[in-house]
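# Report on the structure
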Amino acid sequence: MPKETTLSWTYSPAPESKDQTFLKERYDLFINGKFTKPESKKYFHSFNPADETPLAQVARASEKDVDAAVKSAASAYNKVWSKLEGKERGKYLFRIARMIQERAKELAVLESMDSGKPIRESRDFDVPAAANHFFYYAGWADKLEYAFPNRKVESLGVVGQIIPWNFPLLMAAWKIAPALATGNTVVLKPAESTSLSALKLAEIIKDCDLPPGVVNIITGFGDTGEYLVKHPLVKKIAFTGSTEIGKHIQKLCAGTDKKLSLELGGKAAHIILEDASINEAIEGIINGIFFNQGEVCCAGSRLLVQENKAEEVITKLKARIEKLIVGDPLDKNTDIGAINSKMQFDKIQNYIGIAKQEGLEVHQSSCTLPAKGFYVRPTLLLNAAQTNRVVQEEIFGPVLTLQTFRSIEEAIELANNIPYGLSAGIWSSKGSRIFNLSSKLKAGVIWANSYNKFDPSSPFGGYKESGFGREGGLHGLRSYVNLK
Ligand code: NAI
Ligand code: MG
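Each residue is numbered by its place in its chain's sequence as written, counting from 1. Working convention: letters from A go to chains and numbers from 1 go to ligands, in the order in which they are written. Per-residue local features are limited, in this predicted model, to residues with pLDDT of at least 70; the limit for side-chain atom pairs, both in listing and counting, is 80 or more; totals at the level of whole chains, interfaces and linings are taken over all residues. Each side-chain value is derived from all of the structure's non-hydrogen atoms; neither hydrogens nor water enter the calculation.

Here we take up the coordination of the magnesium ion (ligand 2). Protein-derived coordination of the magnesium ion (ligand 2) comes from Phe47 (O), Asp114 (O), Asp114 (OD) and Ser193 (O), at a distance range of 2.2 to 2.5 Å. Look at where the donors of the magnesium ion (ligand 2) fall in the sequence and you get F-x66-D-x78-S. Taken as a pair, Asp114 in helix α3 (residues 104-115) and Ser193 in the loop between β8 (185-189) and α7 (196-207) lie far apart in primary sequence, 79 residues in all. An identical accessibility class is assigned to Asp114 and Ser193; each is buried. Donors, by definition, are the N, O and S atoms found within 2.8 Å of a metal, the threshold being 3.2 Å for Na, K and Ca, and water is not counted, so a site can look incomplete. In this text, helices come from DSSP runs of H or I with a minimum length of four residues, and strands from runs of E with a minimum of two, each type numbered from the N-terminal end. Whether a residue is buried, partly exposed or exposed follows from its accessible area with a 1.4 Å probe, protein chains only, as a fraction of its type maximum: under 20%, in between, or over 50%, in that order.

What follows is about the sheet that holds strand β1 (residues 26-27). Two strands qualify as a pair provided that DSSP identifies no fewer than 2 bridges between them. Pairing within the open sheet is mixed, and its three strands lie in the order β1-β5-β4. Where the open sheet ends on each side, the last strands, each with one partner, are β1 and β4 (43-48). In this sheet, strand β5 (residues 53-59) lies alongside β1 in parallel orientation, the contact comprising two bridges. Its bridge partner being in β5, Tyr27 is matched across the sheet by Val58. α3 contacts β4 and β5 of the sheet and is inclined by roughly 100 degrees relative to β4. We call two residues contacting when some pair of their heavy atoms lies within 4.5 Å. Think of each axis as a best-fit line through the C-alpha atoms, taken over the contacting stretch in the case of a helix, with angles from 0 to 180 degrees between the N-to-C directions.

All right, on to the packing of helix α4 (residues 119-140) against helix α6 (residues 168-181) then. In contact at an axis separation of 9 Å, α4 and α6 are set at 5 degrees when each is read in the N-to-C sense. By the angle class used here, α4 and α6 are roughly parallel. Together, Phe125, Asp126, Val127, Ala129, Ala130, His133, Phe134 and Tyr137 of α4 and Leu169, Leu170, Ala173, Trp174, Ile176, Ala177, Pro178 and Ala181 of α6 make up the contact between the two elements. Note on residue categories: nonpolar means Ala, Val, Leu, Ile, Met, Phe, Trp, Tyr, Cys or Pro, charged means Asp, Glu, Lys or Arg, and polar means any other residue, Gly included. By residue class, the composition of the contact of α4 with α6 is 14 nonpolar, one polar and one charged. Should an angle fall under 35 degrees it is called roughly parallel, over 145 degrees roughly antiparallel, and 65 to 115 degrees roughly perpendicular, with every other angle called oblique.

Bringing the packing of aromatic side chains into the picture now. By convention, a stacked pair of Phe, Tyr or Trp rings (six-membered ring in the case of Trp) has centres within 6.5 Å and planes under 30 degrees apart, an edge-to-face pair has planes over 60 apart, and any other such pair is tilted. In total, this model carries 15 aromatic pairs according to the counting rule given. An angle of 80 degrees between the planes, with centres 4.9 Å apart, marks the rings of Tyr136 and Tyr137 as edge-to-face. Centre to centre, the rings of Trp447 and Tyr451 are 4.6 Å apart; their planes meet at 55 degrees, and the pair counts as tilted. Taken as a pair, Trp447 and Tyr451 share a single burial class, namely buried. Lying over the aromatic face of Tyr43, Arg26 brings its terminal NZ or CZ to 3.8 Å of the ring centre. For a lysine, the NZ atom is tested; for an arginine, the CZ atom; a charge sits over a ring if that atom is within 6 Å of the ring centre and within 35 degrees of the ring normal.

To be near a molecule or strand, a residue needs just one of its heavy atoms within 4 Å of it. In the vicinity of ligand 1, 29 residues are found, and the nearest of them are Trp165, Glu192, Ser242, Leu264 and Lys347. In protein, a polar contact requires one atom able to donate a hydrogen and another able to accept it; more generally it is a pair of N or O atoms within 3.5 Å, and residues adjacent in sequence count only if both atoms are side-chain atoms. The contact in question runs from a nitrogen atom of ligand 1 to an N or O atom on the backbone of Leu264, over 2.7 Å. Lys347 places a side-chain nitrogen or oxygen 2.6 Å from an oxygen atom of ligand 1. The accessible surface values rely on the Shrake-Rupley method and a 1.4 Å probe; as for residues, cover is taken only from the protein chains in view. The protein chains hide 89% of the 820 Å² of surface that ligand 1 would expose on its own. Broken down by secondary-structure element, the contributors of at least two residues to the shell around ligand 1 are α8 (222-230), β10 (234-240), α9 (243-253) and α12 (342-357). Of the residues in the shell around ligand 1, the class split is 14 nonpolar, nine polar and six charged. Note that the domain bounds were set by an automatic or database domain assignment. Looking at the shell around ligand 1, you find at least three residues from each of domain 1 (18-264 + 466-483) and domain 2 (269-455).

Here's what the structure looks like:
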């Protein structure tokens, strides 16, 4: 909790109850509609990063297990799913969406326990957005000829999907819903530190009577993911995660008939022009980098401020981060929860160390952190320069760099001069300036006078090392079909 002197009042703890989250001791692989013991006989623990306690054991899929999952998806594709009419596929997707809504509280609490994200986010964003993706793509399932007029739409077959740990349930929905709507079958691998909500989704899928094999969920580490990428029956890989692994997967798919979409890292710039409403901008920037502990590929991790407004922005940012509540992810008051893993925690601390070595001013809120668990104070890195590693590289934590600029041309230059191009934020009261900037920024998603707003109907994806292919909206259907 922040020190009492910095708040006009302090909040009493308001933790969400864990009672509704029924966790089994051990989770098997979801193959061909059944929970199946791994051929490997190996299991690993999923931990709660808020207090480092183990939550459940999760199966580690071997090459043989991956093969069984892919073959079950291929058989379901050939025998059932590819023959089903769009409106029937849509009914299953609507059913999954409604069941996610029914079990929303359980899913939200579990997501916060397994990933460390604040309950406010999992309850108000992740879980409703996951349901909305199923609703949205359910609507497209019987309207594909309108999505692609005058073309014959063909599904691909078995799709392999590999997802990260920052939005576990939402990424699963984001990937599964368009694949099923377009008539493909799926083998999904969640991230090793956050498999539990995907396994709950498997329970939901089972309860919805989706034909066996249409969705298979296999858990494990990078090797499990790699078996899936290499499997000859897989016709498309959809990957979200680090740029390093994305490039590796691109190499593995080269020379094969596999389609590929990659949604990788980011280093988004917020640009505050002198005519911006500064108070509004501060709120958007706080939301943009401290939302989900900054473990967001589109996090607004670089702040570019027009020079004559820098002093005001820095003063207000320092005051605002002092009021952020860092702590128990299950507490409804918490703004910043736990970092997902020890590995990610160490990475963030390492970058804060690099910033110090590079001579930046490191300003952190003075809050006290819980004794156990992986917590990082909201951090500002002031006096940053474009060549600093903390400006160029993805930190993936609650850390914001600040640079100043004089002209709009300079702001565009600074914003674009990095290896990534996923998203950007513009803060200005002049529409013409917003249009000018948004046409020149090399970023897939640009928010103006707002940040981190999502809707299933909006496409999402990047330029440069942020990947290729679009997810969400009509565009999101395109990478799951062949058009004739
Ligand atoms: P990662 O890229 O290693 O993991 C993402 C997924 O890929 C996981 O399911 C993992 O098991 C799987 N995977 C790992 N190696 C694989 C391989 N050889 N073949 C197939 N699948 C494989 O990401 P990691 O190590 O968890 O995070 C490292 C950094 O990546 C973070 O610090 C952050 O900078 C970035 N990241 C970006 C994300 C985004 O949304 N764009 C999400 C997660 C991490
Ligand atoms: Mg976990």
